[in-house]
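# Observations on the model geometry
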Amino acid sequence: LRPVLGSDISHWDVPDMTEPIAEAFELVERGVMTDDQFRELTFLNPIRLHATANPGFFAGTVCETEAARALADAPA
């Protein structure tokens, strides 16, 4: 399985949008997962999810270059 982070970042009762990610990163700080595993959870797996179905999904976005780089570097 390739899990992705699900969060209420944009929900009305989250006044600081940085808090959910900081809370999630506690998994790394506590040794539950590695930095690489956290990157997969929060970045690489969501990119795989969207770009696999639609290779042009990130075209024209601010993350287009990083998404392309991540897909090129990531194992299949």
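Since we're looking at a predicted model, the values are computed, not measured.

### Details of the overall build of the protein
Counting secondary structure elements, the protein contains three helices and zero strands. Based on the C-alpha atoms only, the size of the protein along its principal axes is roughly 35 × 30 × 20 Å. Here the protein holds 76 residues, and 21% of them are scored as buried. Taking all contacts inside the protein whose residues are at least 6 apart in sequence as the whole, residues at least 24 apart take part in 39%. Total accessible area computed for the protein in this model is approximately 5700 Å², and 58% of it derives from carbon and sulfur atoms. Looking at charge distribution, the protein has the averaged site of its 5 positive side-chain charges lying 10 Å from that of its 13 negative ones.

### A look at the side chain of N45
When you line up the elements, N45 lands in helix α2 (residues 35–53). At 2.8 Å, the side chain of N45 forms a polar contact with the backbone oxygen of P3. Ignoring sequence-local partners within four residues, the contact set of N45 consists of R2, P3, V4 and E40.

### A short note on the pattern of salt bridges
It is possible for side chains bearing opposite charge to pair when their charged atoms get close. Taken as a whole and judged by the stated rule, the model has three salt bridges. We note a salt bridge from R30 to E26, for which the minimum N-O separation is 3.0 Å. Note on R30: relative accessible area 65%, which makes it exposed. Given a relative accessible area of 23%, E26 falls into the partly exposed group.

Quick notes on the rules
Residues numbered from 1 in each chain as written. Predicted model: local features only at pLDDT ≥ 70, side-chain atom pairs only at ≥ 80, totals over all residues. Heavy atoms only, no water. Helix = DSSP H or I, 4+ residues; strand = E, 2+ residues; numbered from the N terminus. Buried < 20%, exposed > 50% of the residue type's maximum accessible area, 1.4 Å probe, protein only. Contact = heavy atoms within 4.5 Å. Areas by Shrake-Rupley, 256 points an atom, 1.4 Å probe, with all protein chains shown as cover. Lys, Arg positive; Asp, Glu negative; His and termini not counted. Charge placed at Lys NZ, Arg CZ, Asp CG, Glu CD. Polar contact = N/O pair within 3.5 Å; in protein donor to acceptor, adjacent residues only side chain to side chain. Salt bridge = Lys/Arg side-chain N within 4 Å of Asp/Glu carboxyl O.

By themselves, these observations are geometric and do not establish any function.
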